[in-house]
Amino acid sequence: MTDRTRPRTVLITGCSSGIGESTAARLARSGWTVFATARKPETLADLATAGCHTLALDVTSEESMASAVETVLGEVGHLDALVNNAGYSQSGAAEALDLDDVRRQFETNVFGLLRMCQLVLPSMREHRGGRIVNISSMGGRLVFPGGGAYHATKYAVEALSDAMRFEVAGFGVRVVIVEPGLITTNFDNAAVASMEGNADGPYAKFNAQVAKATKEAYAGPMRHLGGSPEAVAKVIEKSLDARRPKIRYTVTPSASLSIRSRNLMGARGWDAMLKSQYPQPKGPPAPNV
């Protein structure tokens, strides 16, 4: 059981910027003992100044993950919460994706997340309490063209979280999913760069137009349906403080509206809507025989 006489401890992955950085800073202000981590620990200087403990943690490295968890447990003895935030987006038509790039994305967004859960759960089970918050996305509930690989990782996060929620509840551990929509960070840069780097082939025009649409979503009027990293951090804190947290927390109007629309439209209706917003790749007309 959680001892409320001591500060609660949390380990957060992916804190170099955006949601992870905002969450670490917010929880530190709220009195948590925060272990903020990133692949490059030099990016965590501001969080160290804000009172966070900072560690190097690369979620694609078994040695790095195991070392970080061992360090945290060695210092505080017990971890109350894990926030799996590390992740990134790459985009492009599925046929044109480099499989090594896809494997790297799954290593970061899925396998690293799962391994972090495996590393902290023995201690949580022993202490009969803990909370795991997995940062998914509205993209774990719907799919946009050109985003198949990224969406696949978030669908996987949703599935793993749903399974673990049942499996660990009897040990006093709660698993929560947070689903942000459009967040005004530099998160879109990696997705746009991955599409712009594929300028040849049958999907070149499609990738370029999807890259343009992505930029416009983050910089144009659609951004008003998005939110800041601080908005997600606030929801993460809420999910950690709640005695009976929700299974899923959606963040931003863009997430709520998009998920609701996808559910109401069905697959064919969603596809029809997407055709009005995205170019559909097409080949030349079939020759007359």
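## Notes on empty space enclosed by the protein
Argument step 1. Overall, the coordinates contain one cavity of 30 Å³ or more when judged by the stated rule.
Argument step 2. Within this model, the largest cavity holds a volume of roughly 30 Å³.
Argument step 3. In this structure, the largest cavity is lined by T13, V59, N84, N85, A86, T108, G112 and L113.
Argument step 4. With three residues, the single largest contributor to the lining of the largest cavity is helix α4 (residues 99–126).
Argument step 5. Residues that form the lining of the largest cavity fall into these classes: three nonpolar, five polar and no charged.

## Digging into the environment of S228
Argument step 1. Within the fold, S228 resides in the loop between α7 (204–219) and α8 (229–241).
Argument step 2. With 24 residues separating them in the primary sequence, S228 and T252 have C-alpha atoms 8.8 Å apart.
Argument step 3. Residues contacting S228, with those up to four places away along its chain left out, are I183 and T184.

## Re the packing of aromatic side chains
Argument step 1. With the rule as written, the count across this model stands at three aromatic pairs.
Argument step 2. Following the ring pairs from residue to residue traces out a cluster consisting of F144, W270 and Y278.

## Describing helix α9 (residues 253–275)
Argument step 1. Taking 1.5 Å per residue as the helical rise, α9 with its 23 residues ought to reach 33 Å, whereas the 22 Å between its terminal C-alpha atoms falls clearly short.
Argument step 2. At G266, α9 is bent by approximately 115 degrees, the largest bend along its length.
Argument step 3. Looking at α9, one finds that the buried residues are S254, A255, S258, I259, W270 and L274.
Argument step 4. Where the residues of α9 are buried, they touch β6 (173–180) and β7 (248–251).

## Some words on the pairing of β6
Argument step 1. Counting buried positions along β6 gives seven out of eight residues, so the element sits mostly inside the fold.
Argument step 2. Bridge count between strand β5 (residues 130–135) and β6: six bridges; the pairing is parallel. Bridge pairing links R131 to R174 in β6.
Argument step 3. Once the chain exits β5 it traverses helix α5 (residues 148–168) before rejoining the sheet at β6, and the crossover so formed is right-handed.
Argument step 4. Bridge count between β6 and β7: four bridges; the pairing is parallel. Within β7, the position partnered with I177 by the bridge is R248.

## So, the nonpolar core
Argument step 1. Within the largest apolar cluster, 28 residues are counted, with the highest numbers of intra-cluster contacts made by V34, V178 and I236.
Argument step 2. For this core, the leading source of residues is helix α1 (residues 18–29), giving five residues.
Argument step 3. Ignoring any residue separated from it by four or fewer positions in sequence, one finds I236 in contact with I19, T23, V83, V133, I135 and V178.
Argument step 4. Grouped together as the second largest cluster of nonpolar side chains are 24 residues, V72, M116, M124 and M164 included.

What counts, and where the lines are drawn
- Residues numbered from 1 in each chain as written.
- Predicted model: local features only at pLDDT ≥ 70, side-chain atom pairs only at ≥ 80, totals over all residues.
- Heavy atoms only, no water.
- 1 Å grid on protein atoms, 1.4 Å probe; cavity = no way out; pocket = protein on both sides within 12 Å on 5 of 7 lines; lining within 4 Å.
- Points joined across faces, edges and corners; volume = space filled by probe spheres on them.
- Helix = DSSP H or I, 4+ residues; strand = E, 2+ residues; numbered from the N terminus.
- Nonpolar A, V, L, I, M, F, W, Y, C, P; charged D, E, K, R; others polar.
- Contact = heavy atoms within 4.5 Å.
- Phe/Tyr/Trp six-rings, centres within 6.5 Å; stacked < 30°, edge-to-face > 60°.
- Expected span 1.5 Å × (residues − 1).
- Bend = angle between axes of the 7 residues up to and from the residue.
- Buried < 20%, exposed > 50% of the residue type's maximum accessible area, 1.4 Å probe, protein only.
- Pairing = 2+ DSSP bridges.
- Right-handed = clockwise from strand over helix to strand, strands pointing away.
- Core = buried A, V, L, I, M, F, W, Y, C linked by side-chain atoms within 4.5 Å.

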